[in-house]
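Structural features, examined
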2 protein chains.
Amino acid sequence: MPTAQGQDPTRRPRRTDARLNRERLLATAREVFAEAGPEASLNEIARRAGVGPGTLYRHFPNRSALLAAVLTDRIETLYALAGTLASSESADEALTQWLRAFLAHARINQGLGSALLVEEPVPLGLDCHRLIMDAAAGLLSRAQRQGTARTDLAADDLVQLVVGIALSTARGHDAEQPDRLLALVLDATYGRPPRSR
Amino acid sequence: MPTAQGQDPTRRPRRTDARLNRERLLATAREVFAEAGPEASLNEIARRAGVGPGTLYRHFPNRSALLAAVLTDRIETLYALAGTLASSESADEALTQWLRAFLAHARINQGLGSALLVEEPVPLGLDCHRLIMDAAAGLLSRAQRQGTARTDLAADDLVQLVVGIALSTARGHDAEQPDRLLALVLDATYGRPPRSR
DNA sequence: CTAGCATACGGAGAACCTCTCCGCTTGGTG
DNA sequence: CACCAAGCGGAGAGGTTCTCCGTATGCTAG
């Protein structure tokens, strides 16, 4: 599992107070984003972490960078889950379970947080987008070879559709709806090949 | 077709300069939102319309109200389209065409604009959400009775899924993707009933 | 143990934003 | 034509993101 530790070894390592502040910021951001959504004030995060705004912005040059950092460990978990599922019994079941987990993840991060999975090249940190796509592509291609997933389906599209579910249900009140929508997408995934138009 | 003209007749009609300003603001907002997305600065809109910010805010108390107003005529068009399609040959084809039009609409308004279709009770103007749902529900139920649409599908879910496509592809670069995703959803809509799990 | 300096910090502040308030202007009517 | 409710503009309050730079401090070489 790739982890983002690409640090130029010619430079001396980070000062410990800097590392500490970074961790504190990250932990605080996790909390605040969970409370107030991805639009939460970055000043507020800095304040609650007990550092100045300048410090926050040196560690994370913008909101996206901070969001990406907060999401990173969850993403890595998803990537690892894909690895585990890849050796499970049923290829279809593996894909299904992973997509369920992915949807849950995207929703927990308030939908919009996961928007950066979709947006621009992902500013900083390790490449979340790539990791997710790799995980999805692996499971999907196995389900296409060994399972019943339709072969004209691309991983990009599948992920995008699930992200869409997360986004559009982020503020909804029907707690069951995301599951229903995902079930529908899964039906399409394992359904017969597209009807001739 | 319901149109939002609910004006208390005991009050004298709006002054003409007010009506003119409102129209100018609306036209400018349409442009600016199209250029810069639904996050565009309202000050900028006021400036370009040649009025003060105060004027904008009296006509439209907040961003949502302005967005809703901009979307209104498009929504009414969609509602009217549903009426037209309702008497067409194939129930399935009618639903399909309407969903295509709806997706195009949601995307033109930058995805996020259509977020207010999903969010809170829709602040002002006529009830966009209700109108859309009515249109979708009518076409879907006919496709379920006379066509091949699966009967365990609710209009809410179908609309939500399409909104999700619009949202998640709003900033994407693959121009074909929205169509592919919609095709997938349509396959599910007309597909066999859900497999026994 | 200490001196020196690269590294990191904090917070003032610039430049934006949304939205409110209120004194002045003006369209429409009696 | 005079009146006044309706409407206007813009100052400004209070929020935001993000930058800049003088100051403080962890680390290391001596």
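Residues numbered from 1 in each chain as written. Chains lettered and ligands numbered in written order. Predicted model: local features only at pLDDT ≥ 70, side-chain atom pairs only at ≥ 80, totals over all residues.

Quick look at the overall build of chain A
Scanning chain A from N- to C-terminus turns up nine helices and zero strands. Secondary structure elements of chain A, listed N to C terminal, follow the sequence α-α-α-α-α-α-α-α-α. Evaluated residue by residue, chain A yields a buried proportion of 39% over its 197 residues. Within chain A, contacts between residues at least 6 apart in sequence are counted, and of these 69% link residues at least 24 apart. (Helix = DSSP H or I, 4+ residues; strand = E, 2+ residues; numbered from the N terminus. Buried ≥ 20, exposed ≤ 12 C-beta atoms within 10 Å, placed from the backbone. Contact = placed C-beta atoms within 7 Å.)

Things to note about the protein's contact with DNA strand C
DNA strand C sits among 26 residues. The nearest are A:Val51, A:Gly52, A:Gly54, B:Ser41 and B:Gly54. Listing elements by their share of the surface near DNA strand C, those giving two or more residues are α1 (16-36) and α3 (53-59) of chain A together with α1 (16-36), α2 (42-49) and α3 (53-59) of chain B. Ranked by residues supplied to the surface near DNA strand C, first place goes to α3(A) with four residues. Class assignment for the residues of the surface near DNA strand C results in seven nonpolar, nine polar and 10 charged. (Near = placed C-beta within 6 Å. Nonpolar A, V, L, I, M, F, W, Y, C, P; charged D, E, K, R; others polar.)

Considerations on the relation of the copies chain B and chain A
When chain B is fitted onto chain A, the two copies agree to an RMSD of 0.2 Å after a turn of 179 degrees and an axial shift of 0.0 Å. Here the two chains are linked by the operation of a two-fold rotation axis. The position closest to the rotation axis in chain B is occupied by the C-alpha of B:Gly164, lying 1.9 Å away. (Least-squares fit on C-alpha atoms with pLDDT ≥ 70 in both.)

What about the protein's contact with DNA strand D?
In the region of DNA strand D, 25 residues are neighbours, and A:Gly54, B:Val51, B:Gly52, B:Gly54 and B:Thr55 sit closest. Of all elements in the fold, only α1, α2 (42-49) and α3 of chain A together with α1 and α3 of chain B reach the threshold of two or more residues within the surface near DNA strand D. Element by element, the count of residues in the surface near DNA strand D is highest for α3(B), at four residues. Looking at the surface near DNA strand D residue by residue, the class counts come to seven nonpolar, nine polar and nine charged.

Details of the environment of A:Gly37
Residue and element names in this part refer to chain A. Locating Gly37 in the fold gives a position in the loop between α1 and α2. Taking the number of C-beta atoms within 10 Å as the measure of exposure, Gly37 has 15 and is therefore partly exposed. Through-space distance from the C-alpha of Gly37 to that of Phe102 is 18 Å; in sequence the pair is 65 residues apart.

Some points on the packing of helix α5 (residues 91-108) of chain B against helix α7 (residues 128-146) of chain B
Residues and elements named next belong to chain B. Between α5 and α7, the shortest axis-to-axis distance is 8 Å and the interhelical angle comes to 150 degrees. The pairing of α5 with α7 is recorded here as roughly antiparallel in orientation. For the pair α5 and α7, the crossing hand works out as left-handed. In contact with Ala91, Asp92, Ala94, Leu95 and Trp98 of α5, α7 contributes Ala135, Leu139, Leu140, Arg142, Ala143 and Gln146. Partitioned by chemical class, the residues of the contact of α5 with α7 number eight nonpolar, one polar and two charged. (Axes fitted to C-alpha atoms, helices over the stretch in contact; angles between N-to-C directions. Parallel < 35°, antiparallel > 145°, perpendicular 65-115°, else oblique. Left-handed = near helix turned anticlockwise from the far one by under 90°.)

Some words on the environment of A:Ser41
By the element assignment, A:Ser41 lies in the loop between α1 and α2. Separated by 12 residues in the primary sequence, A:Ser41 and A:Ala29 place their C-alpha atoms 9.8 Å from one another.

Observations concerning α1(A)
Residue and element names in this part refer to chain A. For α1, spanning 21 residues, the distance from its first C-alpha to its last is 30 Å, which sits close to the expected 30 Å at 1.5 Å a residue. Taken together, the buried positions of α1 are Asn21, Leu25, Thr28, Ala29, Val32 and Phe33. Each buried residue of α1 lies within a common arc of 135 degrees when the element is viewed along its axis, so the set occupies one face. α1 presents Thr16, Arg19, Leu20 and Glu23 as exposed residues on the side facing more than 90 degrees away from its buried surface. Backbone geometry just after α1 places Gly37 at a positive phi near 80 degrees. (Expected span 1.5 Å × (residues − 1). Arc of directions from axis to C-beta.)

A word on the confidence of the model for chain A
Residues and elements named next belong to chain A. When pLDDT is averaged across chain A, the result is 83; 82% of the residues are at 70 or more. Within the model, pLDDT remains below 50 along residues 1-7, and this stretch shows eight contacts once partners closer than five positions in the same chain are excluded. Low pLDDT, under 50, characterises residues 192-197; the predicted model gives this stretch five contacts beyond four residues in sequence or across chains. (pLDDT = per-residue confidence, 0-100.)

Notes on the environment of A:Leu139
Residue and element names in this part refer to chain A. Its location among the elements puts Leu139 in helix α7 (residues 128-145). Remark: the alpha-carbon pair of Leu139 and Val159, spanning 20 residues in sequence, is separated by 12 Å. Ignoring sequence-local partners within four residues, the contact set of Leu139 consists of Ala82, Leu85, Ala86, Ala94, Leu95 and Trp98.

Things to note about the nonpolar core
One finds A:Leu139, A:Val162, B:Leu139 and B:Val162 to be the most contacted residues of the largest nonpolar core, which totals 103 residues. Those residues in contact with A:Val162 that sit more than four places away from it in its chain are A:Leu99, A:Phe102, A:Leu103, A:Ala106, A:Leu182 and A:Val185. (Core = buried A, V, L, I, M, F, W, Y, C linked by C-beta atoms within 7 Å.)

Points about the packing of α1(B) against helix α4 (residues 63-85) of chain B
Geometrically, a packed helix pair is captured by the angle between its two axes and the distance between the axes. Residues and elements named next belong to chain B. Where α1 meets α4, the closest approach of the two axes is 10 Å, and the angle between their N-to-C directions is 95 degrees. When the axis of α1 is compared with that of α4, the two are roughly perpendicular. From α1, Leu26, Ala29, Arg30 and Phe33 reach across to α4, where they touch Leu66, Ala69 and Val70.

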